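Structural characterization, general
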Amino acid sequence: MDIDDYASLAEDAGLIHAEDGQRYCAWHTQMPDYHANEWGRPVGDDRALFEKICLEGFQSGMAWITILRKREAFRAAFANFDIDKVAAFGEKDIERLMADAGIVRNRAKIVSAINNAKRAKELIAEAGSLGAWLWRFEPAPKDRPAVVDIAYYRANPTTPASERMSKELKQRGWTYVGPTTLYALMQAMGLVNDHIEGCACHAEVEAARERFVRPG
């Protein structure tokens, strides 16, 4: 999942009472702005979706809060995740990135981001946009739980939709796109609403998803 060690933070219901009197998902205490203003809000913009795919890849094996704190440095290092620009990165760029202390200096993950930009260009040429392709994997209501609670979190690090997405992307040559990574993408980008029932953000995100015009 997008949020690390969620269960260890959670009370029995997976919620905390904040100083503003509201109840939020327990991890709100770690990342209040990200939790309240970004996570779960639907996104269709290709640049933002590509950025999230890359950052989720860099997050693999690490705490998401570490990546979030480095996000601005990542944006500066990766040309604000402009897909065309990253796809054109070469060996000199790889060496530059390996010397950048502001980001995660993992050569395999850096090479993966460049590779995935090239694969994204191919997918955009085929589907019209990255958003249009990714949003095809939004689960139907019948495939979602009746109630999102802490038990659902603990039991579902992946979903059938994220597994299908992962399989298709890997077949297209993408890397660092396992089903757990892609479920984190789906949670963060609003393809699902996984704010726990009772969190003040749950209804807000649901309303935003109802208003959202799916890319197509």
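The structure under discussion appears in the preceding block.
Predicted model only: the values in this text are computed from it and were never measured. (Residues numbered from 1 in each chain as written. Predicted model: local features only at pLDDT ≥ 70, side-chain atom pairs only at ≥ 80, totals over all residues. Heavy atoms only, no water.)

Further remarks concern the overall build of the chain. When its secondary structure is counted, the chain shows 13 helices and 2 strands. Its C-alpha atoms give the chain principal-axis dimensions of about 50 × 35 × 25 Å. Going through the 216 residues of the chain one by one, you find that 51% of them count as buried. Summarising the internal contacts of the chain: among those between residues at least 6 apart in sequence, 68% fall at separations of at least 24. For the chain, the exposed surface amounts to about 9900 Å²; the carbon and sulfur share of it is 50%. The chain carries 28 positive and 32 negative side-chain charges, and their two centres are separated by 6 Å. (Helix = DSSP H or I, 4+ residues; strand = E, 2+ residues; numbered from the N terminus. Buried < 20%, exposed > 50% of the residue type's maximum accessible area, 1.4 Å probe, protein only. Contact = heavy atoms within 4.5 Å. Areas by Shrake-Rupley, 256 points an atom, 1.4 Å probe, with all protein chains shown as cover. Lys, Arg positive; Asp, Glu negative; His and termini not counted. Charge placed at Lys NZ, Arg CZ, Asp CG, Glu CD.)

Another point: the packing of aromatic side chains. Inspection of the entire model under this criterion finds 11 aromatic pairs. Between tryptophan 27 and tryptophan 39, the ring centres sit 5.0 Å apart and the planes meet at 85 degrees, which makes this aromatic pair edge-to-face. One end of the pair, tryptophan 27, is in the loop between strand 2 (23-25) and helix 2 (32-37); the other, tryptophan 39, is in the loop between helix 2 and helix 3 (46-59), and 12 residues separate them in sequence. Per residue, the accessibility class of tryptophan 27 equals that of tryptophan 39, and both read buried. (Phe/Tyr/Trp six-rings, centres within 6.5 Å; stacked < 30°, edge-to-face > 60°.)

Attention now moves to the pattern of salt bridges. For the structure on display, the rule yields 17 salt bridges. We note a salt bridge from glutamate 56 to lysine 52, for which the minimum N-O separation is 3.0 Å. Separated by 4 residues within a single helix, glutamate 56 and lysine 52 lie in helix 3, roughly one turn from each other. (Salt bridge = Lys/Arg side-chain N within 4 Å of Asp/Glu carboxyl O.)

Before going further, it helps to spend a moment on the nonpolar core. Core analysis: the biggest nonpolar cluster contains 66 residues, and Phe50, Phe74, Phe78, Leu130 and Met165 have the highest contact counts within it. In terms of residue count, the dominant contributor to this core is helix 3 (7 residues). Setting aside residues no more than four positions away along its own chain, leucine 130 makes contact with Asp46, Leu49, Phe50, Ile53, Ile83, Leu123, Ile124 and Trp174. (Core = buried A, V, L, I, M, F, W, Y, C linked by side-chain atoms within 4.5 Å.)

Once that is clear, we can look at the packing of helix 7 (residues 91-98) against helix 8 (residues 107-127). Contact geometry of helix 7 with helix 8 gives a least axis separation of 10 Å together with a crossing angle of 135 degrees. The pairing of helix 7 with helix 8 is recorded here as oblique in orientation. The two elements helix 7 and helix 8 meet at a crossing, and its hand is right-handed. Between helix 7 and helix 8, the contacting residues are Glu91, Ile94, Glu95, Leu97 and Met98 on the first element and Arg107, Ile110, Val111 and Ile114 on the second. (Axes fitted to C-alpha atoms, helices over the stretch in contact; angles between N-to-C directions. Parallel < 35°, antiparallel > 145°, perpendicular 65-115°, else oblique. Left-handed = near helix turned anticlockwise from the far one by under 90°.)

Mapped onto the elements, isoleucine 114 comes out in helix 8. Considered as a pair, isoleucine 114 and glycine 90 are 24 residues apart in the sequence and their alpha carbons are 8.4 Å apart. Setting aside residues no more than four positions away along its own chain, isoleucine 114 makes contact with Val86, Ala87, Phe89 and Ile94.

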